Amino acid sequence: MSSTAIVSDPADISPTHMGSCHCGHVTYTGRFDLANGHIIKCNCSICNKKGYFLLSPKPEDSFKLLTPPRVSELLDYQFGKKLVHHYSCPKCAVSVFIKGFFEMGEDRVPFQAVMANTLDGRVDGEGLEDLRKGQFKYIDGRNDRIEFADEPFEGGVW
Ligand SMILES: [Zn+2]
């Protein structure tokens, strides 16, 4: 989840994927480990309404927005304490990624994730086969609890 929680092993290089919104205005690359990592579904208000399938890059700094060149050119939605940027395409309105902080008690844990359903394939040409290996984990974001479970918490969906 957080960059501090991920132990980076130099021998364990996640494959680089390409992703985009529906109209192609927003494109990105990043390393994602679908075979060993997991896609997160959360029961908080925005994850539910938007149907987010959150997938964090590994390592976190491997995520690169390609187009448009500046994040300021995306639609940026924030609410509540405005700890998280919810970035969408300003043309087709597809949610592409989020970046910000989760609040856990007194702690603010940095977090970023793409929507797994915006992945298009791997840059090595392997296609989307590893998307089928993606495992789902559920978190109780509604109560600011970031523990992984195998089924949705109250108010969450599969
Ligand atoms: Zn678009």
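These numbers were taken from a predicted model, which means no experiment stands behind them. (Residues numbered from 1 in each chain as written. Predicted model: local features only at pLDDT ≥ 70, side-chain atom pairs only at ≥ 80, totals over all residues.)

Draft legend 1. Expanded view of the overall build of the chain. Broken down by element type, the chain carries one helix and 12 strands. The order of helices and strands in the chain, counted from the N terminus, is β-β-β-α-β-β-β-β-β-β-β-β-β. In summary, the chain has a C-alpha radius of gyration of 15 Å against a globular reference of 15 Å for 158 residues, a match within 12%. Along the first, second and third principal axes, the C-alpha atoms of the chain reach 40 × 35 × 25 Å. The buried share of the chain, reckoned over its 158 residues, is 27%. Of the contacts formed within the chain by residues at least 6 apart in sequence, a portion of 57% connects residues at least 24 apart. (Helix = DSSP H or I, 4+ residues; strand = E, 2+ residues; numbered from the N terminus. Rg over C-alpha atoms; globule rule 2.2 N^0.38 Å. Buried ≥ 20, exposed ≤ 12 C-beta atoms within 10 Å, placed from the backbone. Contact = placed C-beta atoms within 7 Å.)

Draft legend 2. Looking closely at the UniProt feature "domain: CENP-V/GFA" (unreviewed entry) in the chain. UniProt's feature table lists "domain: CENP-V/GFA" (unreviewed entry) at residues 17-129, given in the numbering used throughout. Between the first and last C-alpha atoms of residues 17-129 the distance is 12 Å; the span itself is 5% helix and 45% strand. (UniProt positions renumbered as here; feature names shortened; annotations may be inferred.)

Draft legend 3. Here's a closer look at the pairing of strand β1 (residues 16-20). Alternating residues of β1 divide into His17 and Gly19, all buried, and Thr16, Met18 and Ser20, none buried. Joining the antiparallel neighbours β1 and strand β2 (residues 27-31) is a turn of six residues, in which glycine 24 adopts a positive phi near 90°. Across three bridges, the pairing between β1 and strand β10 (residues 119-122) is antiparallel. Note that in β10 the partner of glycine 19 across the bridge is leucine 119. (Pairing = 2+ DSSP bridges.)

Draft legend 4. Quick peek at the environment of glycine 51. Inspection of the secondary structure assignment puts glycine 51 in the loop between α1 (45-50) and β4 (54-55). Residue classification places glycine 51 among the exposed residues on the basis of 11 C-beta atoms within 10 Å.

Draft legend 5. Main features of unusual backbone geometry. With an omega dihedral of 0°, the bond running from lysine 58 to proline 59 counts as a cis peptide bond. By secondary structure assignment, the location of proline 59 is in the loop between β4 and β5 (64-67). Look at the link from threonine 67 to proline 68: it is a cis peptide, with omega at -10°. Position of proline 68 among the secondary structure elements: in the loop between β5 and β6 (75-77). Phi at lysine 82 takes a positive value of approximately 55°, unusual for a residue other than glycine. Along the chain, the position of lysine 82 falls in the loop between β6 and β7 (84-88). The exposure class assigned to lysine 82 is exposed, which follows from the 9 C-beta atoms found within 10 Å. Even without being a glycine, aspartate 144 presents a positive backbone phi close to 55°.

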